[in-house]
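A closer look at the structure
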Amino acid sequence: MTAPRRIIFVTHAEVEIDPHRPVQDWPLNALGRERHETFSHHDILQGVTAIYSSDERKARDGAEIHAAHLGLVPRVLTMLGENDRSATGYLPQPEFEDMANTFFANPDCQVRGWESARAAQARIISAVRTLAELETSQGDILIVSHGAVGTLLRCACLGRAISRSEDQPAGGGNYFVIQLPDWMTHPEWRTI
């Protein structure tokens, strides 16, 4: 039987939006960095013995901030990335929100070439389950990733249908905790 441990899934906080740079290369902005710095001191992270992030700059930035405080080295996994939106690239905020609504409302469709919500959900579940099985440290695992795939993972843990109503609060920088080995989580997002 697997010993109890937790996965703390954190979405990156605010970023420097630059329409001329690939979205994957956007760093955290000053507020985003400050929020991750503050969260690094939160009691919930005291038992963390391993840190993972997606390979996107904003997630790596957050993971590096937490790792520096905890004295750990973050590991990067491409499979922890946000839903693939490269078909459209940067979209202005109103258009992005419309696309996000459509993404969640049509989970089996690749709307405008975006990775489908169902495919992104299968990918993030597989990535998180695999790293939990392979992680040899005995403590909690911190994952710094993204809002849409975090929402999809939460929906699966809660046994809920994919829905935008389950999405994190606006702005990013939120978290939820998965209790292992039963893969249960609290129904609400918490803010870092």
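See the structure printed just above.
Here is a short report on the structure shown in this document. The written sequence of each chain sets the order in which its residues are numbered from 1. Where local features are concerned, this predicted model is filtered to residues with pLDDT of at least 70; where side-chain atom pairs are given and counted, the filter is 80 or more; whole-chain, interface and lining totals use all residues. Computation of side-chain values covers all heavy atoms of the structure but excludes hydrogens and water.

Quick notes on the pairing of strand β5 (residues 174-180)
Each residue's exposure class comes from its accessible area (1.4 Å probe, protein chains only) as a fraction of the maximum for that residue type: buried when under 20%, exposed when over 50%, partly exposed otherwise. A helix here means a DSSP run of H or I that spans at least four residues, while a strand means a run of E at least two residues long, and both kinds are numbered starting from the N terminus. For β5, a buried count of six out of seven residues is recorded, marking the element as mostly surrounded by other parts of the structure. Note that strand β1 (residues 5-11) and β5 share six bridges and pair antiparallel. Bridging from a neighbouring strand, R5 pairs with L180 of β5. At least two bridges found by DSSP between two strands is the condition for calling them paired. Here β5 pairs with strand β7 (residues 190-191) via two bridges, running antiparallel. Among the inter-strand pairings, Y175 is bridged to a residue of β7, identified as R190. Bridge count between β5 and strand β6 (residues 184-185): two bridges; the pairing is antiparallel. Directly across from Q179, in β6, lies its bridge partner M184. Hairpin remark: β5 followed by β6, antiparallel, with three residues in the connecting loop; positive phi at W183, about 60°.

Looking at the nonpolar core
Formed by 31 residues in total, the largest nonpolar core has its most connected members in I7, L80, V128, I143, L153, I178 and W183. Elements that contribute at least two residues to this core include exactly β1, β2 (48-53), α3 (93-105), α4 (117-134), β4 (140-145), α5 (147-158) and β5. Element by element, the count of residues in this core is highest for α4, at seven residues. What makes two residues a contact is simply this: any of their non-hydrogen atoms within 4.5 Å. When sequence neighbours within four positions are dropped, the list of residues in contact with W183 reads I7, V128, R129, A132, C157 and I178. Among the nonpolar cores identified, the runner-up in size contains 16 residues, and V10, F39, A63 and V177 belong to it. Think of a nonpolar core as a cluster: buried Ala, Val, Leu, Ile, Met, Phe, Trp, Tyr and Cys residues, connected wherever their side-chain atoms sit within 4.5 Å.

Some details on helix α2 (residues 57-70)
Here, expected helix span is obtained from the residue count minus one, scaled by 1.5 Å. With 14 residues, α2 extends 20 Å between its outermost C-alpha atoms, agreeing within 8% with the 20 Å of an ideal straight helix rising 1.5 Å per residue. All of the buried residues along α2 are K58, A59, D61, G62, A63, I65, H66 and A67. At its buried positions, α2 is contacted by α1 (30-39), β2 and β4. Where α2 terminates, the next one or two residues include G71, which has phi positive at roughly 70°.

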